[in-house]
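Structural characterization, general
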Amino acid sequence: MSPQRRAGLGTNQEAVRRHNLGTMLRHVHGAGHTSRAELTSLMGLNRSTIAGLAGELESLGISEHTTAVGGARQGAGRPSAGVRIAPDGPYVIAVDLGVDRAVVARVGLGGRVLERAQAPVHSDGEAWQVGAAVAALIRRVVEGAPATAPLVGIGISVPGLVRRSDGLVRLAPNLEWHDVSFGGIVLAALGLDVPVSIANDADLGALAEHVRGAGVGVDDLIYVSGNVGVGAGVIAGGVRLEGAGGYAGEVGHLRFNPQGRPCHCGNLGCWETEVGGHAIAEAIHCPPDKVAQLDEVLEGFTVPTRELRATGTAVGHGLASIVNTFNPRMIVLGGYFRVLYPLVGAEVDAGLADRALPAPLESVTLALPGLGSDSALLGAAEIALDPLFVDPVAALGTALVDVRSRLVG
Ligand SMILES: [Zn+2]
């Protein structure tokens, strides 16, 4: 239940305390290690309340006490007591499903990747086969988990349209999925019942870059994911822009070239057909079966081809439409764009400057992901961790302990 709904029902002391506990945990999660003095000023609560909340997080096994935090001092030069994430505390499983591979990680609070594994996925495979492959990776990453550490939930990133209300994958074109309940498939393959959250890869990339990547402190940020398909995740005013159904940000299907190539969506000349994986592959004469590994192929280039420079210009032109529509402070270039931009940055910048309106252009910066190729993976971890920040007591109530023996035996 959201704090807003709880507030609507009328507040009581227990609800307020749990809300404060979650808020404190969100601060500690963001910083990894902070002082009580810092928390006192961030949360606007008095020192004894902060000490009480810190003690409760400790007794829940989520955080631990430290004697001093470098630089953070209160009155008379006395070092402030610190709070940091407990090393064997709650964790989540994050899954980044791509069109050719799945990456799975066990992630703790503070965004710490504790264990990771990956395996190829066949894009023509049935969803249950992909689910079985993901479940096998999950078994691998929980093998080393301490028996007492609770599994809070599973977060999954998919390259497709995900219905917000129930996590149904409405369409993942490059996996050829229509209306797939992938979260349910993974849980069934594991034989577990834990909360599962699932969302679009670009949306999760935006979230992770905002929380702990290139866009920390940037409240108007767009993460553009240039993969086989192209999409964007939008953070507006510090909040994820999801749209009515959860499908906002499909910038790959902005009409770009009316005389262009057919797109899988049924239109002609979508931006994705000009700058997506297949277009980039064509520009560097990379065989179509290598499209899924395009980032590695691009990394081998030092001088861009003429066609690749034209692709850079097309990237810039499309970004201009995004800048004109949303007026972001920062655009983070993820997916293949992360390796494309260092090659054809001048063309991207010129294309953007050429088409963007001067006023919104003034305030935008293009950036590479602070989290490298892990943005979507860490975003998946964030949505799985989120219940802990709403109500840590309730989230731990539905968490599973001794997962290793249940899954690995
Ligand atoms: Zn399209």
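Here is what the cut-offs are and how they apply
Residues numbered from 1 in each chain as written. Predicted model: local features only at pLDDT ≥ 70, side-chain atom pairs only at ≥ 80, totals over all residues. Heavy atoms only, no water. Helix = DSSP H or I, 4+ residues; strand = E, 2+ residues; numbered from the N terminus. Rg over C-alpha atoms; globule rule 2.2 N^0.38 Å. Contact = heavy atoms within 4.5 Å. Pairing = 2+ DSSP bridges. Axes fitted to C-alpha atoms, helices over the stretch in contact; angles between N-to-C directions. Parallel < 35°, antiparallel > 145°, perpendicular 65-115°, else oblique. Nonpolar A, V, L, I, M, F, W, Y, C, P; charged D, E, K, R; others polar. Buried < 20%, exposed > 50% of the residue type's maximum accessible area, 1.4 Å probe, protein only. Donors = N, O, S within 2.8 Å, 3.2 Å for Na, K, Ca; no water. Tetrahedral: all angles 85-135°; square planar, octahedral: opposite > 155°, others 65-115°. Salt bridge = Lys/Arg side-chain N within 4 Å of Asp/Glu carboxyl O.

Considerations on the overall build of the chain
If you tally the helices and strands in the chain, you get 16 helices and 18 strands. On C-alpha atoms alone, the chain measures out to a radius of gyration of 22 Å, which is about the 22 Å that the 2.2 N^0.38 rule sets for 409 residues. Summarising its shape, the C-alpha atoms of the chain cover approximately 65 × 50 × 45 Å along the three principal directions.

Observations concerning the side chain of His 317
Note that His 317 resides in helix 11 (residues 306–326). Sequence-distant contacts of His 317, that is, excluding residues within four places in its chain, are made with Phe 256, Gly 351, Leu 352, Asp 354 and Arg 355.

A few points about the sheet that holds strand 16 (residues 239–241)
Two strands in a sheet stick together by hydrogen bonds in their backbones, pointing the same way (parallel) or opposite ways (antiparallel). Across the sheet, which stays open at both edges, the five strands sit in the order 16-15-14-17-18 with mixed pairing between neighbours. In this open sheet, the two edge strands, each paired with only one partner strand, are strand 16 and strand 18 (365–367). With strand direction ignored, the average angle separating the axes of adjacent strands in the sheet is 25°. Bridge count between strand 17 (residues 330–335) and strand 18: three bridges; the pairing is parallel. Among the inter-strand pairings, Met 330 is bridged to a residue of strand 18, identified as Thr 365. Together, strand 14 (221–226), strand 15 (230–236), strand 17 and strand 18 form the strand contacts of helix 12 (residues 337–355), whose direction differs from that of strand 17 by roughly 140°.

Some words on the packing of helix 2 (residues 13–31) against helix 4 (residues 47–59)
Two elements in contact, helix 2 and helix 4, have axes separated by 10 Å at closest approach and are oriented at 80°. Relative to helix 4, the element helix 2 is oriented roughly perpendicular. Contacts between helix 2 and helix 4 involve Arg 17, Asn 20, Leu 21, Met 24 and Leu 25 from the former and Ile 50, Leu 53, Ala 54, Glu 56 and Leu 57 from the latter. Within the contact of helix 2 with helix 4, the residues separate by chemical class into seven nonpolar, one polar and two charged.

Some details on unusual backbone geometry
The phi torsion at Asp 179 lies on the positive side, around 50°, for a residue other than glycine. Topologically, Asp 179 is positioned in strand 12 (residues 177–180). By relative accessible area, Asp 179 is classed as partly exposed at 45%. At Asp 402, a position not held by glycine, the phi torsion is positive, near 55°. Inspection of the secondary structure puts Asp 402 in the loop between helix 15 (392–397) and helix 16 (403–407). Using a relative accessible area of 34% as the deciding quantity, one classes Asp 402 as partly exposed.

Considering the coordination of the zinc ion
Protein coordination at the zinc ion comes from His 253 (ND1), Cys 263 (SG), Cys 265 (SG) and Cys 270 (SG), with a distance range of 2.0 to 2.3 Å. Here the zinc ion binds four donor atoms, and the angle range of 105 to 120° at the metal identifies the geometry as tetrahedral. The class of His 253 is partly exposed, set by a relative accessible area of 23%. Its relative accessible area of 8% is what places Cys 263 among the buried residues.

Re the pattern of salt bridges
Applying the stated criterion across every chain, the model contains 15 salt bridges. We note a salt bridge from Glu 14 to Arg 17, for which the minimum N-O separation is 2.8 Å. A residue pair is termed a helical-turn pair when its members lie 3 or 4 positions apart in one helix, as Glu 14 and Arg 17 do in helix 2 at three residues. By relative accessible area, which is 36% here, Glu 14 ends up partly exposed. Across the pair Asp 391 and Arg 18 runs a salt bridge whose closest N-O atoms are separated by 3.0 Å. Of the two residues, Asp 391 sits in the loop between helix 14 (375–390) and helix 15 while Arg 18 sits in helix 2, which places them 373 residues apart along the sequence. A relative accessible area of 8% places Asp 391 in the buried class. Three or more residues joined by partner-sharing salt bridges are found here, namely Glu 14, Arg 17, Arg 18, Glu 56 and Asp 391.

Quick word on the sheet that holds strand 11 (residues 169–172)
Reading across the sheet, the three strands line up as 10-11-12 and stay open at both edges, with antiparallel pairing between neighbours. Single-partner strands in this sheet number two, and they are strand 10 (161–162) and strand 12. In this structure, strand 10 lies alongside strand 11, joined through two bridges in antiparallel fashion. Among the inter-strand pairings, Val 162 is bridged to a residue of strand 11, identified as Val 169.

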